[in-house]
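Chain by chain, the residues run as shown.
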Amino acid sequence: MSAYYLQLVVNGIVAGSVYAMFAVGLTMVYGVFKFINFSHGELITWGAYLGLMFSSPPFSLPIYLAAVPALGITVLLGLAQDWFIYRPLRQSNPVALLIASIGLSYFMRNAIRLIWGSDFQTFNLPAARGMSFGGIYITPVQVMMVSAAVVFLTILYLLFTRTILGKSLRAASDNMELADIMGISMTRVTITVWVLASLFAATGGILLAMDTNMDPMMGMASLIKAFAAVLIGGAGNVWGALLGGMFIGVAENLSVAVISPGYKDFISFALIFILLLVRPTGIFGIRGGVR
Amino acid sequence: MGKFTAGFICALSVFWAGAVFAGTVSVGAVTPLTGKLAVYGEGFQQAMLLAAEEINASGGINGDTLEIVFEDNNSTSKGSVSAIRKLITIDKLTLVFGPAASSNFLAICPIAQKNKTILIGAESAAAEITKCGSYVFRVFPSDLLQGTGVSELASSLGYKEVVLTYVNNDWGVGLAEVFKRQFLASGGKIIDELAHAEGKTDYRSEILRIKRHNPKVVVNLTYIKEGATILKQAYETGLNTQWLMGSASKSPKLVALAGKTAEGIIGTYPTFSQESPEYQAFKTAWEKKYSGKKTPIFGEYNYDMVKLTALALRDAGSVDADTVRESLLKVSQGYMGTTGDKSFDENGDVGATYGRWTVKDGAIIDYQVEK
């Protein structure tokens, strides 16, 4: 019986590390540009579907090679989002940016439907028995999910603490105008934020699709989890988002022990409501800023 | 051209049309001739035409020719609605053969019921169709019967305790209800039951809950994609169990998606004897008319539908919906078609016998009890 609960925790950590990757990207964009990017979810979906495109004919690359161009194109999509939509709107009302990002997310989701259809798609990886550790099962893809999160977030940590670019990022998120006046290149900051956010989203998307399947709504579903994680960590707080993602993953998986698995997704919604009502600044209580 | 000539031609054409169409009994058919089901629709149409041809060769409907007016539905509910509206209002038909796919059928059954038009289906299995109304019939067995079939399967394999999971929609819940009732009545025990949402990509939490009971057998009433995902993820999670499934999972697509994890699952599906004289006669006739073509999926049901309808029309001696309805109920009693006994019950449903399937070496085959 204890193996059951342990398995739930393991599944929670696996799910949580992917949520964390989504949430970190979402919160970084919020931290610097001060708007919630709804189309972040579609970067997740596009990453997965581009992975599918490059792993099926005529390219037929093995998935780990197909991931390279898929990640590249998703990063370009992220940059294009900013260049064509968000940059021209930068000086306007934040609500305009929010609405634009919702519109963009619809547009990108339906483009997926148009190209690949609404049905499930799969990478068709052969089924393999997961590795068993004393009755706890974990598949190689799940190990990859956790490792990817660890590697990416370590690099992010080093970037923030050891490089000038990271310091400029933090400065920009504290006060974009002031940072600009002080001579920090906003172009470099902007590009870095979008590259990182898109890269995290697409990698998570591909891993998620490898673990299960993909459908045009997958990004939308993951975005809700990322929202909850961002709220827990405090909007704009990268490390808060990381912990928030982990928390959501473990909480929703452990919930299965007491509620029907069909209502698992309800946990993140419930957390969003509770946090908005009780502690809108997040559990860590820090307002704004990439820290 | 003078007024007179125009009038004359008009009168002539009316007379001519009357001459040609006198002695014709028309029945409508909403058929997927384009769209995603078109690949099956052609076979349905050919089977219906084969039956009509045989009926006309043997005297038609009391001397009149039976004609089927095909209306394409583009494989959609919307298309089905336009098609039946046209058949009812423009062609003034009182009897329509319904479309494939339960959702399309369900979309038009209220229209048929409201307009007092008889609707007969040959491929729609959803349990809800039973409640469509007094003018709606089908020669295909309702999925509700399948619940009983799966219960008997579990019992006959010697399983006393099962974990039950089903897809959380009207179809799955209805099917699970019947299964539960039957299985409990036969002395079985349900250790745990849980619904799983339709169209998810991750069922690991559900699987963990099943695995917790370490069940010998799991009854999984679900569709192809959901079924394949569950089988695959259960295997990854180290769940060793016997899976029992229904006919909605019986598909090469499931085997393709689930791969080796589909090996050994056992399921039921509505079947009929291919040894019966009725089936043999159908097969011979089919090969004669469409030589070299395999008999299409559900072709036998479409054939039976037209044959039975013709019988009712002969008996009724009119196309009045209420008269035909009465005689459909009457002539179907004890009627043996190519797909077995087609006796309609008061809901316009037929009975069924169930066969068993399993997956062996990546192929779906009939399940034989190992001795």
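From a predicted model like this one, the values you see are computed outputs, not experimental measurements.

What counts, and where the lines are drawn
- Residues numbered from 1 in each chain as written.
- Chains lettered and ligands numbered in written order.
- Predicted model: local features only at pLDDT ≥ 70, side-chain atom pairs only at ≥ 80, totals over all residues.
- Heavy atoms only, no water.
- Pairing = 2+ DSSP bridges.
- Helix = DSSP H or I, 4+ residues; strand = E, 2+ residues; numbered from the N terminus.
- Axes fitted to C-alpha atoms, helices over the stretch in contact; angles between N-to-C directions.
- Contact = heavy atoms within 4.5 Å.
- Buried < 20%, exposed > 50% of the residue type's maximum accessible area, 1.4 Å probe, protein only.
- Right-handed = clockwise from strand over helix to strand, strands pointing away.
- Phe/Tyr/Trp six-rings, centres within 6.5 Å; stacked < 30°, edge-to-face > 60°.
- Lys NZ or Arg CZ within 6 Å of the ring centre and 35° of its normal.
- 1 Å grid on protein atoms, 1.4 Å probe; cavity = no way out; pocket = protein on both sides within 12 Å on 5 of 7 lines; lining within 4 Å.
- Points joined across faces, edges and corners; volume = space filled by probe spheres on them.
- Nonpolar A, V, L, I, M, F, W, Y, C, P; charged D, E, K, R; others polar.
- Domains from an automatic or database assignment.
- Salt bridge = Lys/Arg side-chain N within 4 Å of Asp/Glu carboxyl O.
- Expected span 1.5 Å × (residues − 1).
- UniProt positions renumbered as here; feature names shortened; annotations may be inferred.
- Polar contact = N/O pair within 3.5 Å; in protein donor to acceptor, adjacent residues only side chain to side chain.
- Patch = residues over 30% accessible without salt bridge, like charges linked within 9 Å, V, L, I, M, F, W, Y side chains within 5 Å.
- Areas by Shrake-Rupley, 256 points an atom, 1.4 Å probe, with all protein chains shown as cover.

1. Brief notes about the sheet that holds strand β8 (residues 217–221) of chain B
The strands making up a sheet associate through backbone hydrogen bonding, with each pair oriented either parallel or antiparallel. All names here are of chain B. On the basis of which strands lie adjacent, the open sheet formed by seven strands has the order β7-β6-β8-β9-β10-β13-β14 and mixed pairing. With partners counted over all chains shown, the strands left at the sheet margins are β7 (189–196) and β14 (363–366), one partner each. Shown here is a sheet whose adjacent strand axes are inclined to one another by a mean of 25°, direction ignored. Relative to β8, strand β6 (residues 161–167) is paired through four bridges, and the arrangement is parallel. Residue pairing for β8: Leu 164 is matched across the bridge by Val 219. Docked against the sheet, helix α7 (residues 204–212) engages β6, β7 and β8, running at close to 175° with respect to β7.

2. Focus: the side chain of Thr 139 of chain A
Along the chain, the position of Thr 139 of chain A falls in the loop between β2 (136–138) and α5 (140–162). In contact with Thr 139 of chain A, other than residues within four places in its own chain, are Gly 130, Met 131 and Asp 211 of chain A together with Glu 236 of chain B.

3. A few points about the pairing of β6 of chain B
Residues and elements named next belong to chain B. When you tally the buried positions in β6, you get six out of seven residues, the bulk of the element. Here β6 pairs with β7 via seven bridges, running parallel. Paired with Thr 165 across the strands is Leu 194, a residue of β7. With helix α6 (residues 170–185) bridging β6 and the parallel β7, this β-α-β connection has right-handed handedness.

4. Observations regarding the packing of aromatic side chains
What characterises a pair of aromatic rings is the spacing of the ring centres plus the angle enclosed by the ring planes. This structure, assessed with the given rule, holds 22 aromatic pairs over all chains. Centroid distance Tyr 49 of chain A to Trp 116 of chain A: 5.2 Å. Interplanar angle 45°. Geometry classified as tilted. Note that Tyr 49 of chain A is positioned in helix α2 (residues 40–55) and Trp 116 of chain A in helix α4 (residues 94–116), a separation of 67 residues in sequence. Across this residue pair, the class does not change: Tyr 49 of chain A and Trp 116 of chain A are buried. Ring geometry for Tyr 86 of chain A versus Trp 194 of chain A: centroids 5.6 Å apart, planes at 15°, classification stacked. Taken as a pair, Tyr 86 of chain A in helix α3 (residues 63–89) and Trp 194 of chain A in helix α8 (residues 186–211) lie far apart in primary sequence, 108 residues in all. Ring pairs connect the aromatic residues Phe 140, Phe 272, Tyr 279, Phe 282, Trp 286, Tyr 290, Phe 298, Tyr 301 and Tyr 303 of chain B, which therefore count as one cluster. One Lys or Arg, Arg 87 of chain A, reaches over the ring of Trp 83 of chain A and ends 3.9 Å from the middle of that ring.

5. A word on empty space enclosed by the protein
By the definition in use, this model includes one cavity of 30 Å³ or more. Considering only enclosed or pocket space, the largest cavity measures out at about 40 Å³ in volume. Along its surface, the largest cavity is lined by Gln 7, Asn 11, Tyr 137, Ile 138, Thr 139 and Gln 142 of chain A together with Arg 204, Glu 236 and Thr 237 of chain B. When grouped by side-chain class, the residues that make up the lining of the largest cavity number two nonpolar, five polar and two charged.

6. Overview of the sheet that holds strand β3 (residues 95–97) of chain B
Residues and elements named next belong to chain B. Strand order in the open sheet formed by five strands is β2-β1-β3-β4-β5, with parallel pairing between adjacent strands. Each end of this open sheet is capped by a strand with a single partner; those strands are β2 (65–72) and β5 (136–138). Going from strand to strand, the sheet's axes swing by 25° on average, the running direction of each strand aside. With two bridges connecting them, strand β1 (residues 24–31) and β3 associate as parallel partners. Looking at β3, one finds that Gly 28 is bridged to Val 96. Helix-sheet contacts for helix α4 (residues 102–114) involve β1, β4 (118–121) and β5, and the interaxial angle to β4 is about 155°.

7. Quick word on the domain arrangement of chain B
How big an interface is tends to be reported as the loss of accessible area on association of its parts. By domain assignment, chain B separates into domain 1 (23–140 + 275–352) and domain 2 (144–263). For domain 1 of chain B versus domain 2 of chain B, the separation of C-alpha centres amounts to 33 Å.

8. Structural notes on the pattern of salt bridges
Residues and elements named next belong to chain B. By the definition in use, this model includes 19 salt bridges over all chains. The partner of Arg 209 in a salt bridge is Asp 192, with the nearest N and O atoms 3.0 Å apart. Here Arg 209, found in helix α7, pairs with Asp 192, found in strand β7; they are 17 residues apart in sequence, far enough to count as distant. An identical accessibility class is assigned to Arg 209 and Asp 192; each is buried. Here Glu 206 and Lys 200 are joined by a salt bridge, their closest N and O atoms 2.9 Å apart.

9. Some points on helix α5 (residues 144–156) of chain B
All names here are of chain B. For α5, which comprises 13 residues, the first-to-last C-alpha distance of 19 Å matches the rise-based estimate of 18 Å (1.5 Å per residue) to within 8%. Along α5, the positions that sit buried rather than exposed are Gln 146, Gly 147, Gly 149, Val 150, Ser 151, Leu 153 and Ala 154. Once α5 ends, the next one or two residues include Gly 158, with phi positive near 85°.

10. Structural notes on the UniProt feature "transmembrane region" (unreviewed entry) in chain A
Residue and element names in this part refer to chain A. What UniProt calls "transmembrane region" (unreviewed entry) maps, in this numbering, to residues 12–33, 63–84, 96–116, 136–160, 191–210 and 266–286. Within residues 63–84, the helical portion is 100% and the strand portion 0%, while the C-alpha atoms at the span's ends are 31 Å from each other. Split by type, residues 96–116 is 100% helix and 0% strand. Its first and last C-alpha atoms lie 30 Å apart.

11. A short note on the interface of chain B and chain A
Contacts between the two partners involve 27 residues from chain B and, on the opposite side, 31 residues from chain A. We note a salt bridge from Asp 211 of chain A to Arg 204 of chain B, for which the minimum N-O separation is 2.8 Å. Along the contact surface separating chain B from chain A lie eight residue pairs in polar contact (both at pLDDT 80 or more). The set of elements that each furnish at least two residues to the side of chain B that touches chain A consists of α7, α8 (224–236) and α9 (252–258) of chain B. For the side of chain B that touches chain A, the per-class residue count stands at seven nonpolar, nine polar and 11 charged.

12. Brief notes about the UniProt feature "domain: Leucine-binding protein" (unreviewed entry) in chain B
As annotated by UniProt and renumbered to match this structure, "domain: Leucine-binding protein" (unreviewed entry) occupies residues 24–349 of chain B. Annotated as 45% helix and 18% strand, the span residues 24–349 of chain B places its first and last C-alpha atoms 28 Å apart.

13. What about a nonpolar patch on the surface?
On the surface, a nonpolar cluster with roughly 580 Å² of combined accessible area is contributed by Phe 269, Phe 273, Ile 274, Leu 277 and Val 278 of chain A. Topologically, Phe 269 of chain A is positioned in helix α11 (residues 266–278).

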